[in-house]
Amino acid sequence: MTKKSSVEGKILDSAYALFLKNGYRHTTMDDIAQSLGMSKKTLYNYFPGKLELLSACFEVLKTKLTAKVETILENRYISFPLKLKSSLTVVATHLAPINPELFEDLREFAPEIWKDLTDYINESAYERFSKLIQQGIDQGLVNPRIPVSLIVMLYAASVQCLLDPKFYEKFPENFQKGMKMPPSDIYDQAISIIYNGILTEEARNEFQNA
């Protein structure tokens, strides 16, 4: 790793931590420079602005997600239910820390980045999870009467809805209070509801015990 790429990596780590904590709107280049102990002028030598920093942070996130999920899917030595549970856990682990305020900021102040992220979720779900679900069908572990495309769409839609604060606003306030739980728990429970319903009894038992 070159010195420049090492510094860029540290900048992105620090910026992403601040974006997660404060949102995009309330994070400034001054904040990022101060957290790194560098001048704002030096920071601008690496990234021309806050929007470019945000975009680069999400590119890193997508790269990490892709690499980890693909590693799981290509592993020939773990069972289908464990592949399913592990890949879903990876996605939830990386997306759950992103607070609703940051996603609200993405929609309002960085719509292109928001679109790129939602497109990634859809494309990744289609490219990777459709292959995994087909493996499950071939092994007799997923109900073959359920279309693969429907399973994948339900997954992608559930992730997007959980990410989108606008989705929550459509429900009554007392209903929203029932969702006051850690994002990681929401992902875990929502995904379990969806996928426990597509598995055969044998696979369901392994999925629950994984």
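These numbers were taken from a predicted model, which means no experiment stands behind them.

### Describing helix α5 (residues 80–95)
Next, step 1: Look at α5: 23 Å from first C-alpha to last across 16 residues, which is about the 22 Å you get at 1.5 Å a residue.
Next, step 2: Counting buried positions over the 16 residues of α5 gives 12, a clear majority of the element.

### Describing the pattern of salt bridges
Next, step 1: Under the counting rule described, the total for this entry stands at 6 salt bridges.
Next, step 2: Between Asp30 and Lys40 there is a salt bridge; the shortest N-O distance is 3.4 Å. With Asp30 in helix α2 (residues 29–36) and Lys40 in helix α3 (residues 40–46), this pair connects stretches of sequence that are 10 residues apart.
Next, step 3: A relative accessible area of 44% means that Asp30 is categorised as partly exposed.
Next, step 4: Judged by relative accessible area, Lys40 falls into the partly exposed class, the value being 33%.
Next, step 5: Across the pair Asp119 and Lys115 runs a salt bridge whose closest N-O atoms are separated by 2.8 Å. Taken together, the residues Asp119 and Lys115, both in helix α7 (residues 111–138) and 4 residues apart, mark about one turn of the helix.

### Digging into α7
Next, step 1: An ideal rise of 1.5 Å per residue puts 40 Å on 28 residues; α7 measures up with 40 Å between its terminal C-alpha atoms.
Next, step 2: Its axis deflected by about 30° at Phe129, α7 carries its strongest bend there.
Next, step 3: Immediately downstream of α7, the backbone of Gly140 shows phi near 75°, a positive value.

### Here we look at the UniProt feature "domain: HTH tetR-type" (unreviewed entry) in the protein
Next, step 1: Here the UniProt feature "domain: HTH tetR-type" (unreviewed entry) sits at residues 5–65.
Next, step 2: For residues 5–65, helix accounts for 80% and strand for 0%, while the C-alpha atoms at its two ends are 20 Å apart.

### A few points about the packing of helix α4 (residues 50–73) against helix α6 (residues 100–109)
Next, step 1: Contact pair α4 / α6: the axes reach a minimum separation of 13 Å and the direction vectors enclose 125°. By the criterion of interaxial angle, the relationship of α4 to α6 is oblique. In this structure, α4 meets α6 at a crossing whose hand is left-handed. Residues Leu51, Leu54 and Phe58 of α4 pack against Leu102, Leu106 and Phe109 of α6.
Next, step 2: Partitioning the contact of α4 with α6 into residue classes produces 6 nonpolar, no polar and no charged.

Reading the values: rules and limits
Residues numbered from 1 in each chain as written. Predicted model: local features only at pLDDT ≥ 70, side-chain atom pairs only at ≥ 80, totals over all residues. Heavy atoms only, no water. Helix = DSSP H or I, 4+ residues; strand = E, 2+ residues; numbered from the N terminus. Expected span 1.5 Å × (residues − 1). Buried < 20%, exposed > 50% of the residue type's maximum accessible area, 1.4 Å probe, protein only. Salt bridge = Lys/Arg side-chain N within 4 Å of Asp/Glu carboxyl O. Bend = angle between axes of the 7 residues up to and from the residue. UniProt positions renumbered as here; feature names shortened; annotations may be inferred. Axes fitted to C-alpha atoms, helices over the stretch in contact; angles between N-to-C directions. Parallel < 35°, antiparallel > 145°, perpendicular 65-115°, else oblique. Left-handed = near helix turned anticlockwise from the far one by under 90°. Contact = heavy atoms within 4.5 Å. Nonpolar A, V, L, I, M, F, W, Y, C, P; charged D, E, K, R; others polar.

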